[in-house]
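Single-letter residue listing:
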Amino acid sequence: MILVSLRKFSIVKTKTLKQDKVNVITLGCSKNLVDSENIITQLKGNDYDVVHDSNDEDANIVIVNTCGFIDLAKEESVNTILEYAEVKKDGGIEKLYVTGCLSQRYKDQLEEEIPEVDAYFGTLELPGLLAKLNADYKHELIGERITTTPQHFAYLKISEGCNRTCSFCAIPLMRGKHISRPIEELVKEAQNLARMGVKELMLIAQELTYYGLDIYKKRELPRLLHALADVEGIEWIRLHYAYPSKFPLDIFAVMAERKEICNYLDIPLQHASDTVLERMRRQITQQETRDLIAYARQKVPNITIRTTLLVGHPGETEAEFQELCDFVADMHFERVGVFQYSHEENTIAYDFEDDVAAETKAERANRIMEIQQEISFAKNQAKIGQTLNVLFDRKEGEYFVGRTEGDSPEVDNEVLVNAKNNYVRIGDFALVKITDAQDYDLFGELVNN
Ligand code: SF4
């Protein structure tokens, strides 16, 4: 049962509507954002006027690209659909379409429970959505994606779906089996993005390291990395969503060799207790994980490792959780994110009893972040006095805000430079001397100011 039915939204405004204008709303992860960008690109290719995540009241058609990952995300998606269903009922919009993971997973229930929506589409049904809008799917636009991120960085989705069977994860239910995109197509897209001013690419997938096993019958991420690093104008390439088991170690050799490949790896590890890793079906042990991280740090000495952990999986005892705490305290990861287990239908773990109380899940997530906060603070303090290459994303208040090679947009640390006595163009790289540091932020002065 997904509808938490928070039908408390009411916007009462009717108005004369201009020619068709579409507002695409994106919820969820960067992979969903790329899907929205493909929707926008195709609609613009069909001469539609399109806006993204806009409060623009001129749009008479709304497309909500939903997330169906875990409870909180599902609730946000349902609330957003309900909000626009109300607007439609009040004459504020003419058409409402829903796509993305929640729609893929719960289409039948949604059709029954929110009939105001004109049509629901799955995650791989873009042509069908376009047809509803009397638009054609234009193959020639593949790789010509219009991005919604700041001009200097973009996400590049290298594959769709996942063949793994992690017990807690509903993603394969919504995204299907792993499908890699051909290297040529990805290089063409990267060249187009570079022509549009993109300097930084975040490589994303459900499972990055599986790349190539389907279409090339072997792991081809290293070859792809070399090909993307050769694209003129691309200066930073960042790896997200790597899977630890059977990790293709030659990636670290490419990272050490090519300056364009950031010394950065996002590798969700989820847990460190062998008994929990087994219940999670992660196909790796703590010792194998430690060996992998040690190898990475030996091959790429100043590598930034980001990981994601999951607390409160069914059966997780205090002792198993303590193993995870000890692991985090010992491993000194540069970046850590924590999720609380969400009991998701049709996942393997759904057959287990969801026996860890919600308060315990929350308390365990906090304990992990308390350990990490101290580690992050100490690592940041050690950067005081260093000069770092920073890519500037925006100006916020009295600061120019940017990121180092060790920071991905939206999720990691930032570097703040006071605008009073420093000037830098947004989208530019600049050297910054670090003068101060907090838990998750660095402060500094431009070197050649
Ligand atoms: S690898 Fe990631 S996307 Fe795939 S099943 Fe595991 S957690 Fe889900």
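Note that the structure is predicted; figures quoted are calculated from it, not measured.

(A) Structural view of a negative patch on the surface. On the surface, D274, E278, E288, D291, E323 and D326 cluster together into a patch of negative charge. Among the secondary structure elements, those contributing two or more residues to the negative patch are α9 (274-279), α10 (286-299) and α11 (318-331). You can see E278 is positioned in helix α9.

(B) Here's a closer look at helix α1 (residues 30-45). With 16 residues, α1 extends 22 Å from end C-alpha to end C-alpha; this agrees with the ideal 22 Å at 1.5 Å per step. For α1, a buried count of 13 out of 16 residues is recorded, marking the element as mostly surrounded by other parts of the structure. Where α1 ends, the next residue or the one after it, D47, has phi of about 65°, a positive value.

(C) Fine view of the site of the ligand. In the vicinity of the ligand, the residues found are C162, R164, C166, F168, C169, I171, P172, Q206, E207, Y243 and R282. Across the shell around the ligand, the residue classes tally to seven nonpolar, one polar and three charged.

(D) The side chain of E334, seen in detail. In this structure, E334 sits in the loop between α11 and β13 (335-340). Within polar-contact distance, the side chain of E334 engages the side chain of K379 at 3.2 Å.

(E) Highlighting the packing of helix α7 (residues 221-229) against helix α8 (residues 250-257). Across the interface, α7 lies against α8 with an axial gap of 9 Å and an inter-helix angle of 15°. Taken together, the axes of α7 and α8 lie roughly parallel to each other. Once α7 is placed against α8, the crossing between them reads as right-handed. Together, L221, P222, L225 and H226 of α7 and D250, I251, V254 and E257 of α8 make up the contact between the two elements. Its residues assigned to classes, the contact of α7 with α8 shows five nonpolar, one polar and two charged.

(F) Quick look at the pattern of salt bridges. A full pass over the atoms with the stated rule returns 41 salt bridges. The residue E344 makes a salt bridge to R105 at a minimum N-O spacing of 2.8 Å. Of the two residues, E344 sits in the loop between β13 and α12 (358-381) while R105 sits in helix α3 (residues 101-113), which places them 239 residues apart along the sequence. Its relative accessible area of 14% is what places R105 among the buried residues. Note that K379 is salt-bridged to E334, the shortest N-O span being 3.2 Å. Taken together, the positions of K379 in helix α12 and E334 in the loop between α11 and β13 put the pair 45 residues apart, joining distant regions of the chain.

Thresholds, definitions, all that
- Residues numbered from 1 in each chain as written.
- Predicted model: local features only at pLDDT ≥ 70, side-chain atom pairs only at ≥ 80, totals over all residues.
- Heavy atoms only, no water.
- Patch = residues over 30% accessible without salt bridge, like charges linked within 9 Å, V, L, I, M, F, W, Y side chains within 5 Å.
- Areas by Shrake-Rupley, 256 points an atom, 1.4 Å probe, with all protein chains shown as cover.
- Salt bridge = Lys/Arg side-chain N within 4 Å of Asp/Glu carboxyl O.
- Lys, Arg positive; Asp, Glu negative; His and termini not counted.
- Charge placed at Lys NZ, Arg CZ, Asp CG, Glu CD.
- Helix = DSSP H or I, 4+ residues; strand = E, 2+ residues; numbered from the N terminus.
- Expected span 1.5 Å × (residues − 1).
- Buried < 20%, exposed > 50% of the residue type's maximum accessible area, 1.4 Å probe, protein only.
- Near = heavy atom within 4 Å.
- Nonpolar A, V, L, I, M, F, W, Y, C, P; charged D, E, K, R; others polar.
- Polar contact = N/O pair within 3.5 Å; in protein donor to acceptor, adjacent residues only side chain to side chain.
- Axes fitted to C-alpha atoms, helices over the stretch in contact; angles between N-to-C directions.
- Parallel < 35°, antiparallel > 145°, perpendicular 65-115°, else oblique.
- Left-handed = near helix turned anticlockwise from the far one by under 90°.
- Contact = heavy atoms within 4.5 Å.

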